[in-house]
Every structure is written in C-alpha cells, then in structure tokens.
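Okay, here's what each chain looks like letter by letter:
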Amino acid sequence: MIIAIDGPAGSGKSTIAKLVAARLGFTYLDTGAMYRAVAWRALENDVDMTEPLSEASLKALGVIASEEEIRFVRRPGETQASQVFINDRDVSAEIRTPTVDKAVSPVSAQEVVRAALVKQQRKIGLACDTVMEGRDIGTVVFPEAELKVFLTACPEERAQRRTIQNASRQGLFFDEDVYEQTLASIISRDAYDSTRPTSPLKAAADSIEIDSTGMAIETVVKYVIDLVEDIRGMPAEQ
C-alpha cells in the first residue's frame, strides 16, 4: 500500500508521515530530503545556482541526481531511517540549513533532477508498504496511491513550526526576526513551488485535504490512520 502525503513547506508532512508509518509498520520516505541532498551536493561542488540555470549547471545537477547514491539509514533503536547519506557521507544536518532551504526549490524544479529521483522513489515505494511525503507524490510519483493526503496549514503557523524546529536543532530560543524571515521564505517558496512548470505543488484531484492549523499532531495522525482503516476495512496495528 502507498500512502502519499503532499503539502507545502512546514505543513508537518515529515512529522505526520513518520508517525503514521511507525503506527502501521510501513517504510517512511522523505522525498524532500533527496532533493535537499542534491542541492547540498551542488552547493558543495560550487554549481552556479543563478536562475535561469545554465546548461552546465543543469548537466551538473543531472549527474548528481542520477549517479550519486542517496541512502536513508536507521540509527540503532530507531523504527524509521533518519540519517541521509549521499556518496556515503552523512548530510542529515547539512541539508537542513537556510542555505539549502534557498537552493532546494530551483533544484527540485529541474526536470533532469526530478526524473532521476522519481525513478528511485518509485522503486522504493513498489518494494514495500510505504508512507511517502513530498510535493508531487499523489500527482506524479504515485498517482495510483491508495490514499492521498494533502496536508497544509496557514503560512504563519508553518513559519512558527519551522522556526521552533530549527532553533531546537541548534539549541537556541525562538527569535522573532528569524520567524519573520522564515515566514517570508515560506510565502515565497509556496508561490515558486505552485507555479513551476515541472511537477508544481498542488493537491491531487482525489486527495483528502487536511488543514492542520491549530490541530494537535496526534489528532492529525489519528485522522490519517482512520482513513487507512476505512480503506483496508480493518483496524491498523497500534
């Protein structure tokens, strides 16, 4: 079974997808981390990311996406893989920086990158029961997914979540100026991702939209689990 969870930045896709996968005993795949790994590698290789991207930059991105191995590794005691490796280097922390945040949208908009990574995503999804989250899972990667969820929230709440999350990773406190910058970045990325010509961010026609503004994480998880139970006709394993 494939569960596709799509939505904009900061909507809680990763948190919800991980918890749903753990409850169901499914594999979890964060496709956004794959695009972030390619973006990080491109920056590491000094690929010119000035838009519109040059032919040389597009070629370099294509080589990274198609030839450099991206792996997800499970830490001891974990039920789901949380470490991201590219070419055997752990880049789990590096791909979550503001610099990569800025680079990942233009990278993920390129057809040469998406074609290579979608191929990998389909291979993973077809191998086992999977909860896959991203921006085009239900529309492009797995349009035949048994359950499609489009998870969203108001920009202000998404910016607050992202600011708290990033501050927590660095052992810092909530910063109002960082919040305002994050909010502006999220609004900008929403506009970019929803209007790009290749795999734009949008809800699949047969997806179920969940606006998680003001909702507790457990409430959203239960909602998705209930949808799975309805499809399967039997309670999910707890």
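Residues numbered from 1 in each chain as written. Predicted model: local features only at pLDDT ≥ 70, side-chain atom pairs only at ≥ 80, totals over all residues. Heavy atoms only, no water.

J.: Give me the lowdown on the sheet that holds strand β5 (residues 89–90), citing residues and values where you can.
T.: The sheet built from 3 strands is open, its strands ordered β3-β4-β5 with antiparallel pairing. What marks the edges here is a single partner per strand, and that holds for β3 (70–73) and β5. Where β3 lies against strand β4 (residues 83–86), 4 bridges are found, and the strand directions are antiparallel. By the bridge assignment, Ile 70 is partnered in β4 with Ile 86. (Pairing = 2+ DSSP bridges. Helix = DSSP H or I, 4+ residues; strand = E, 2+ residues; numbered from the N terminus.)

J.: How would you explain unusual backbone geometry if you had to name every residue and give the values?
T.: Between Glu 51 and Pro 52 the backbone carries a cis peptide bond, its omega angle lying at -5°. Structurally, Pro 52 is set in the loop between α2 (31–44) and α3 (55–67). Phi at Asn 87 is positive, roughly 55°, even though this residue is not glycine. Relative to the helices and strands, Asn 87 is located in the loop between β4 and β5. Judged by its relative accessible area of 39%, Asn 87 falls in the partly exposed class. Positive phi, normally seen in glycine, also occurs at Ser 199, with a value near 45°. With respect to the helices, strands and loops of the structure, Ser 199 is situated in the loop between α8 (176–195) and β8 (208–211). Here Ser 199 falls in the buried class, since its relative accessible area comes to 14%. (Buried < 20%, exposed > 50% of the residue type's maximum accessible area, 1.4 Å probe, protein only.)

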